[in-house]
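Secondary and tertiary structure notes
The residues making up each chain are set out below.
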Amino acid sequence: MMRGLERLEAGPEKLLCPEKHSFPWQVLAAEGESWLILRWKEKVADRPIRQLKQVVLEDFCGELTAEKESAQLFCGQIRLKVDYEENGPDQLTFSAEQAWREELMVEERSAVEKGEENSLLAQLWRRQAEVTEKSLFPSLLLNGNELPKDSFLPLGEKDTEEKKEATGAAGAKERTKGEETVGTEEGAEVGKTTGAEKETGAEKTKGARTWKVQAPWRCWVQECAGRIKPVCLKIHGAQVGLYTLLLEVVIKLGEDKEESSDRPPKPQAEPGAELPSAFRLTKEPGKLWTSVRENKLLLRMEDDAPAEVLGVAVERAFPCFSYDTQEQKLVWEYLRRLSVIYVSAREGGARFGIASHLEKEKALLENGAEALLPVALAAEREKGELTPVYEQTFLYSEKERFCLAMELEHESEERSAPGAWGKDAGGEELSKREAPPRCKPCARWLKKANGSREKQRMTVITIKV
Amino acid sequence: MKEQPKKQQEDLLAQIRSQYEPELGLEGMSAAKMKDGWLLSRDPESEAGYALWEVHKDPERVRLALAWQEQVKAKGCAEVLTIRKTSQGESFIRREEGVFYLTEWVAGTPPEVDKRETLPAVARGLAALYKHNYLPVPGGQLSGQQLPGEPAPEELSLDEQAGLWLKGRQEKLTELLKPFHFWRENGATNDFERLYVENFPDLYARGQEALEKIVLAGADWGNMPVGFLLANLAAENFWQTREGIVILRTTDWQLGPLISSLALLLKMYLPLQQWNREVARETIRHYRACLPLRPSEKQYLLADLAFPSRFWLYTRQYCAGQEKAPVLAEKLKNYLYELTWQDQCLADLEQWLWEEEEAEQEKEGREKL
């Protein structure tokens, strides 16, 4: 049964605010997929860095470690290596043409512009940051397909691979072991970054250095439908200062597309026929209301320039129902946060970012003119699309499916609560389960008294009414 | 200098010339315009005879500067120009257009500051000027004067004013804290801010250490010769003659420890020599030949050289929006590279200065015995 759904507020342009880059990780969770940004920044060099040579993903693995309702927890490890070169003591050439003038300016400023200087410094807090897309320093942005394939194997599979190799030729076994030993000796502790390490031989004289990072990671994926596979999507390594290196990794935990393609495709269902799990309890006409709404939002990112959008996530919070007596419609209000994970076009600093737009939404729901609180409401988002319109502005289009239940098949105290909207609703399983037998008055106390220790000395409790 | 129509300039020059003794022969001289005044000569092809200087500053400050210049000249300092007084016996002429004064001119060329031998020569000229340093107000009081950079209270002694100058330095360093905390909290958005956040702790510590040493060196101002300082150490204020360097103008001045001028001179021109330790030593030797250095001055010199003054300048220019971030990032990177050379040079100078100090003490001890 389809009913109309009105969207009352739809501004012409929504502003996406970039979130502060947090270290060492940042998570964006959507339905059925999550993105994990891992970040490290360290002052690695003793002398100014001359060149960033390469970033290598030495190891990447992850596996499903826990499952709770429809959410899955993935844990894994990542190991990266950055090769760079330091400047030699005599390679730091500088230009001195302006030095005399500037030193003189320091003295002159202190002499005459004291008052002005204070007012100018006060403007600092009001000043818009001057951002440029080019940087003085080098950086490397690698896509997943540029990285070695075997590093995408999940933990279990990787173990099997290594075992296979171990049972093979002795030489191969030794070589593998040898490489591992080198890694351990280098002091790569889990969760810690190893310092810059000197290379041997001819490279040492050139100032060649290596920075190794090894860390565990973990991430939840909500509302998992199929098999989830962690994928190292992108890696970014950059020099962010004279002595500092930054490493960023985006890991996507989404449905395994290869496995999905092996499986037979799902038959296309009629709109409204495939209901969210929370509403499988009532399929009788007049009790369940579903609707599909198409959203088109113009999103603008002012403080950053995205070069590529990796994904979109929508979260709703603080639902609140009321009834509009004039319109005779149910009013549903909630906070909606739309987040975008993107690769910034601006070089020089962190390039993987999350930008969000938070706003209050209000919708009028037709529910058969019943002035009753619905027993549950769920909203599902179909894949949204982000199309660039012009610089820093995108058109976001998505379809949302809402399901509103006005009655339950078997009413129970727990399930009638309005808080059971969305994923918390017990659904079919709860309806099948029989209600627990009611205890007799004071049975709780008597049961306690019948404990193993209390068997020998029975106590009689007398209650006077 | 204000641009004036030619006719107006000619009238002004004529009026000024008429205020000087006819024996000087100014009336018959042709005037050639230069940046800060005119060169007056009998024949345009020949060397100028006089220089007429135009200043746009507080006349009282000009009066003090000229009195200082006259005094040191009278004491035999050849490194400053001779001032010619008006018919009324005044050192300068005060007009709406500015303050004007006349000096003798000497034949020479602009100094080539990128040459190794220029810097020691300039240092020697500076020392010669400071050797006859003179406080023109009795009792060391500058009544109603404003110390550069500070709205100085009335009747401050020179010692107190020199202290204010030091306070200005400390304030510069303190100002650097605000942007650091701001960018660390809100994230750096460009190369300049990133370089700033990365290097601030080291540079701030360097500045603090320098100030501590300056305070220790001059805690007792009796050990630190304080006086008039030549504020304009730009190459255009020096003139290379056959006899040596001549200082063209003294009207830009401030008060402070005399040694701070040598420190500024080295900070300005030693980068052109890639902080060459030999040039640095030679420059100090030339200065010291004319004006010996006290131990406290040596300590001050080393500390002042290490003070990261240009770091403050770039930050200020960035915050005020005077320069674009990429330009300032490049400048800051360049400055940080320069500091590595400066450190090497300072380490050498420190060792050299204190070894010499010890040698002198030993020599004195032997002489006493």
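Predicted model only: the values in this text are computed from it and were never measured.

With respect to the overall build of chain B
- The number of helices and strands found in chain B is 11 helices and 10 strands.
- When each of the 369 residues of chain B is scored for burial, the buried share is 44%.
- Partitioning the intrachain contacts of chain B with sequence separation of at least 6 by distance along the chain shows that 70% fall at a separation of at least 24.

Section: the sheet that holds strand S4 (residues 33–43) of chain A
All names here are of chain A.
- Reading across from one edge, S3-S4-S11-S10-S7 is the order of the 5 strands in this open sheet, with antiparallel pairing throughout. The sheet terminates laterally at strand S3 (25–30) and strand S7 (139–143), the two strands that pair on one side only. The sheet shows a mean angle of 15 degrees between the axes of neighbouring strands, taken without regard to direction.
- When S4 meets strand S11 (residues 244–255), the two strands line up antiparallel, connected through 10 bridges.

Some details on the confidence of the model for chain B
Residue and element names in this part refer to chain B.
- Across chain B, the average pLDDT comes to 84, with 88% of residues at 70 or higher.
- Within the model, the stretch residues 136–155 combines pLDDT values under 50 with 32 contacts to residues more than four positions away or in other chains.
- Per the prediction output, this complex has pTM 0.76; the corresponding ipTM is 0.86.

Observations regarding unusual backbone geometry
- Following Phe23(A), the chain continues into Pro24(A) via a peptide bond in cis, with omega recorded as 0 degrees.
- Within the secondary structure layout, Pro24(A) lies in the loop between strand S2 (14–18) and S3.
- Positive phi, close to 50 degrees, is recorded for Glu69(A), a residue that is not glycine.
- As for its position among the elements, Glu69(A) is in the loop between strand S5 (49–68) and strand S6 (71–86).
- Phi angles above zero are rare outside glycine, and Trp275(B) is one such case at about 55 degrees.
- Within the secondary structure layout, Trp275(B) lies in the loop between helix H7 (259–269) and helix H8 (277–290).

So, the packing of H8(B) against helix H11 (residues 325–368) of chain B
Residue and element names in this part refer to chain B.
- One way to put it is that H8 packs onto H11 with a least axis distance of 9 Å and a crossing angle of 45 degrees. It follows from the interaxial angle that H8 and H11 lie oblique. The way H8 lies across H11 gives a crossing that is right-handed. Contacts from Arg 277, Ala 280 and Arg 281 of H8 reach H11 at Cys 345, Asp 348, Leu 349 and Trp 352.
- Looking at the contact of H8 with H11, its residues break down into 4 nonpolar, no polar and 3 charged.

Examining the domain arrangement of chain B
All names here are of chain B.
- For chain B, the assigned domains read domain 1 (6–104) and domain 2 (118–363).
- Of all the secondary structure elements, the ones that give two or more residues to the side of domain 1 that touches domain 2 are strand S3 (50–55) and helix H2 (59–74).
- When residues in the side of domain 1 that touches domain 2 are grouped by element, the largest group, 8 residues, is from H2.
- When grouped by side-chain class, the residues that make up the side of domain 1 that touches domain 2 number 12 nonpolar, 2 polar and 3 charged.

Observations concerning the domain arrangement of chain A
All names here are of chain A.
- Taken as a whole, chain A is organised into domain 1 (5–11 + 269–432) and domain 2 (31–89 + 129–262).
- Taken residue by residue, the interface counts 15 residues in domain 1 and 22 residues in domain 2.
- Only strand S13 (306–324) and strand S14 (329–344) provide two or more residues apiece to the side of domain 1 that touches domain 2.

Some points on the nonpolar core
- Counting 81 residues, the largest nonpolar core has Leu52(B), Leu126(B), Leu262(B) and Leu265(B) as its most contacted members.
- Aside from chain neighbours lying at most four places away, what touches Leu52(B) is Ile16(B), Gly37(B), Trp38(B), Leu40(B), Phe100(B) and Leu102(B).
- Counting residues in each nonpolar core, the second largest holds 79 residues, with Leu16(A), Trp183(B), Cys319(B) and Leu332(B) among its members.

Remarks on the environment of Met406(A)
- Among the secondary structure elements, Met406(A) is positioned in the loop between strand S18 (393–405) and helix H7 (428–432).
- For Met406(A), a count of 18 C-beta atoms within 10 Å translates into the label partly exposed.

Quick word on the confidence of the model for chain A
Residues and elements named next belong to chain A.
- On average, residues of chain A score 70 in pLDDT, and 58% of them reach the 70 mark or higher.
- The spread of mean pLDDT over the elements of chain A runs between helix H4 (residues 170–185), the lowest at 29, and S4, the highest at 93.
- Contacts for the low-pLDDT stretch residues 149–203, under 50 throughout, to residues beyond four places or in other chains number 59 contacts.

Things to note about the packing of H7(B) against helix H9 (residues 295–306) of chain B
Residues and elements named next belong to chain B.
- Here H7 crosses H9 at 35 degrees, and the two axes come no closer than 9 Å. Considering how the two elements wind past one another, H7 and H9 form a crossing that is right-handed. Residue-level contacts link Ile 259, Ser 260, Leu 262, Ala 263, Leu 266 and Lys 267 of H7 to Glu 297, Tyr 300, Leu 301, Asp 304 and Leu 305 of H9.
- When its residues are assigned to classes, the contact of H7 with H9 shows 7 nonpolar, 1 polar and 3 charged.

Some details on H2(B)
Residue and element names in this part refer to chain B.
- Taking 1.5 Å of rise per residue, the 16 residues of H2 would be expected to cover 22 Å, and the 22 Å separating its terminal C-alpha atoms lies within 8% of that figure.
- Residues of H2 that are buried include every one of Val 62, Leu 64, Ala 65, Leu 66, Trp 68, Gln 69 and Val 72, and no others.
- Residues of H2 that are buried in the fold lie against S3, strand S4 (83–84), strand S6 (98–104), helix H3 (118–131), strand S7 (226–230) and strand S10 (253–257).

Re the pairing of S3(A)
All names here are of chain A.
- Burial along S3 is one-sided: Gln 26, Leu 28 and Ala 30 are buried, while Trp 25, Val 27 and Ala 29, pointing the other way, are not.
- In terms of strand pairing, S3 meets S4 through 6 bridges, oriented antiparallel. Bridge assignment links Val 27 to a residue of S4, and that residue is Leu 36.
- The hairpin formed by S3 and S4 contains 2 residues between the paired strands, and Gly 32 there has a positive phi angle of roughly 80 degrees.

What about the environment of Gly237(A)?
- By the secondary structure assignment, Gly237(A) is in strand S10 (residues 228–239).
- Sequence spacing of Gly237(A) and Lys41(A) is 196 residues, and the spatial spacing of their C-alpha atoms is 9.8 Å.

Focus: the environment of Val314(A)
- Locating Val314(A) in the fold gives a position in strand S13.
- Dropping the residues within four chain positions of it, Val314(A) is found in contact with Arg336(A), Leu338(A) and Arg381(A).

Reading the values: rules and limits
- Residues numbered from 1 in each chain as written.
- Chains lettered and ligands numbered in written order.
- Predicted model: local features only at pLDDT ≥ 70, side-chain atom pairs only at ≥ 80, totals over all residues.
- Helix = DSSP H or I, 4+ residues; strand = E, 2+ residues; numbered from the N terminus.
- Buried ≥ 20, exposed ≤ 12 C-beta atoms within 10 Å, placed from the backbone.
- Contact = placed C-beta atoms within 7 Å.
- Pairing = 2+ DSSP bridges.
- Axes fitted to C-alpha atoms, helices over the stretch in contact; angles between N-to-C directions.
- pLDDT = per-residue confidence, 0-100.
- Parallel < 35°, antiparallel > 145°, perpendicular 65-115°, else oblique.
- Left-handed = near helix turned anticlockwise from the far one by under 90°.
- Nonpolar A, V, L, I, M, F, W, Y, C, P; charged D, E, K, R; others polar.
- Domains from an automatic or database assignment.
- Core = buried A, V, L, I, M, F, W, Y, C linked by C-beta atoms within 7 Å.
- Expected span 1.5 Å × (residues − 1).

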